[in-house]
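Survey of secondary and tertiary structure
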Amino acid sequence: MGRIAQNLQQIDEEIRSVCSKAGRNPSDIRLIAVSKTKPAALVKEAYDAGQLDIGESYVQEFLEKQGSEKLSGLPLQWHFIGHLQSNKVKDIVGKVSLIHGIDKIGTARELSKRASAKNVAADYLIEINTSGESSKFGLSPDALLSEAPYFFDLPNIRLRGLMTIASPDRNKAREEFRMLAKLLEQLKKISPSPALLTELSMGMSQDYDIAIEEGTTMIRIGTAIFGSRQR
Ligand SMILES: *Cc1c(COP(=O)(O)O)cnc(C)c1O
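The shown structure was predicted, so the numbers you read here are calculated from the model rather than taken from an experiment.

A closer look at the overall build of the protein
Counting secondary structure elements, the protein contains nine helices and eight strands. For the protein, the C-alpha radius of gyration of 17 Å lies close to 17 Å, the compact-globule estimate for 231 residues. When its C-alpha atoms are laid out on the principal axes, the protein stretches across 50 × 40 × 30 Å. Expressed as a percentage of the 231 residues in the protein, the buried residues total 49%. Relative to all contacts within the protein whose residues are 6 or more apart in sequence, the contacts with residues 24 or more apart total 63%. Carbon together with sulfur atoms contributes 47% to the accessible area of the protein, which is approximately 11,000 Å² in total. Considering the protein, the positive charge centre built from 31 side chains and the negative charge centre built from 29 side chains are found 3 Å apart.

Side note on helix 2 (residues 40–48)
When helix 2 is considered as a whole, its buried residues turn out to be Ala 40, Val 43 and Ala 46. Viewed end-on, helix 2 has its buried residues packed into an arc of 110°, placing them on one side of the element. The elements touched by buried residues of helix 2 are helix 1 (3–22), strand 2 (53–56), helix 3 (59–66) and helix 9 (223–226). Immediately beyond the C-terminal end of helix 2, within one or two residues, lies Gly 50, with a positive phi of roughly 105°.

Quick look at the environment of Ser 140
With respect to the element layout, Ser 140 can be found in the loop between strand 5 (122–127) and helix 6 (141–152). Separated by ten residues in the primary sequence, Ser 140 and Thr 130 place their C-alpha atoms 6.9 Å from one another.

Some points on the side chain of Asp 53
In this structure, Asp 53 sits in strand 2. In terms of polar contacts, Asp 53 uses its side chain to reach the side chain of His 79, at 2.7 Å. Contacts of Asp 53, omitting those with residues within four sequence positions, involve Arg 30, Leu 31, Ile 32, Ala 33, Gln 77 and His 79.

Structural notes on the pairing of strand 2
Residues Asp 53 and Gly 55 point to one face of strand 2 and Ile 54 and Glu 56 to the other, with burial holding for every one of them. Direction of pairing for strand 1 (residues 30–34) relative to strand 2: parallel, over a ladder of two bridges. Looking across to strand 2, one finds that Val 34 is bridged to Gly 55. One crossover worth recording links strand 1 to the parallel strand 2 by way of helix 2, and it is right-handed.

Thoughts on the packing of helix 5 (residues 105–118) against helix 6
As a packed pair, helix 5 and helix 6 sit with axes 10 Å apart at the nearest point and diverge in direction by 10°. Accordingly, the angle class assigned to the pair helix 5 and helix 6 is roughly parallel. Touching Ile 105, Ala 108 and Arg 109 of helix 5 are Glu 147, Tyr 150 and Phe 151, all from helix 6. Residues of the contact of helix 5 with helix 6, tallied by class, amount to four nonpolar, no polar and two charged.

A closer look at the pattern of salt bridges
It is possible for side chains of opposite charge to pair when their charged atoms get near one another. Scanning the model with the defined rule gives 16 salt bridges in all. Among the salt bridges present, the one from Arg 178 reaches Glu 214, with a minimum N-O distance of 3.0 Å. You can see Arg 178 sitting in helix 7 (residues 170–190) and its partner Glu 214 sitting in the loop between helix 8 (208–213) and strand 8 (218–221), a full 36 residues away along the chain. Owing to a relative accessible area of 49%, Arg 178 belongs among the partly exposed residues under this scheme. In this structure Glu 214 comes out as buried when scored by relative accessible area, which is 13%. Because the salt bridges share partners, they merge into one network encompassing Arg 174, Arg 178, Glu 213 and Glu 214.

Brief notes about the site of the ligand
Inspection of the region around the ligand gives 13 residues, with Lys 36, Ser 205, Arg 220, Thr 223 and Arg 229 positioned closest. Residue Lys 36 places a side-chain N or O atom 2.6 Å away from an oxygen atom belonging to the ligand. With the chains in place, 90% of the 390 Å² that the ligand exposes on its own is no longer accessible. Looking at the shell around the ligand, its residues break down into six nonpolar, four polar and three charged.

Conventions we followed
Residues numbered from 1 in each chain as written. Predicted model: local features only at pLDDT ≥ 70, side-chain atom pairs only at ≥ 80, totals over all residues. Heavy atoms only, no water. Helix = DSSP H or I, 4+ residues; strand = E, 2+ residues; numbered from the N terminus. Rg over C-alpha atoms; globule rule 2.2 N^0.38 Å. Buried < 20%, exposed > 50% of the residue type's maximum accessible area, 1.4 Å probe, protein only. Contact = heavy atoms within 4.5 Å. Areas by Shrake-Rupley, 256 points an atom, 1.4 Å probe, with all protein chains shown as cover. Lys, Arg positive; Asp, Glu negative; His and termini not counted. Charge placed at Lys NZ, Arg CZ, Asp CG, Glu CD. Arc of directions from axis to C-beta. Polar contact = N/O pair within 3.5 Å; in protein donor to acceptor, adjacent residues only side chain to side chain. Pairing = 2+ DSSP bridges. Right-handed = clockwise from strand over helix to strand, strands pointing away. Axes fitted to C-alpha atoms, helices over the stretch in contact; angles between N-to-C directions. Parallel < 35°, antiparallel > 145°, perpendicular 65-115°, else oblique. Nonpolar A, V, L, I, M, F, W, Y, C, P; charged D, E, K, R; others polar. Salt bridge = Lys/Arg side-chain N within 4 Å of Asp/Glu carboxyl O. Near = heavy atom within 4 Å.

Note that all results are geometric; they support no functional claim without further evidence.
Written out as structure tokens, the structure reads:
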């Protein structure tokens, strides 16, 4: 078995072990393999080991990889997990199964416009800055609750939940994951379609065990699958 297949198996075992202690069902947690900066050949290796959900952070790199000879035509589910600028929305609409990092109503409006023009429905999550660090992207929890009605109103796009990147400190990360889970419950109360709000995208290589304990439905793991990155 290759290294990537081994890593995937190890993570799968860890997910099962944490779930069993936390009283959760492992099938309620989707593993997204984050392949940013890594070549298509390694994504193919993950696919051959049974991994279908793939996360990318940079638009150009994503487009090249998706269209590459090694990967085009495979039944992969692509997740755009990076910060999405409004002017790049048109490049990925219709090509990804979920956009994780919308953090402005303007970007959501652009997504709605482009999805309508293509006659497709786009699923997305709103990124929340749960740590309050100014270096991080994301809406503040307060801004989310006050701006939510504008997001709910947009045609051809479906808000499916919330995403966050937690602080490196594990204790802080746990508080931030809790905050995100609570925020999703608050959002459900004011949403016209609460049944769509099923997703919490939280947890990475260093903290996915905590995220599982705090209710995550999607963990985004790069390093623990593909090894460390240069950038
Ligand atoms: C790179 C990245 C990840 C994966 O991080 P690892 O620490 O390598 O697991 C997850 N989420 C986002 C948004 C990322 O940019």
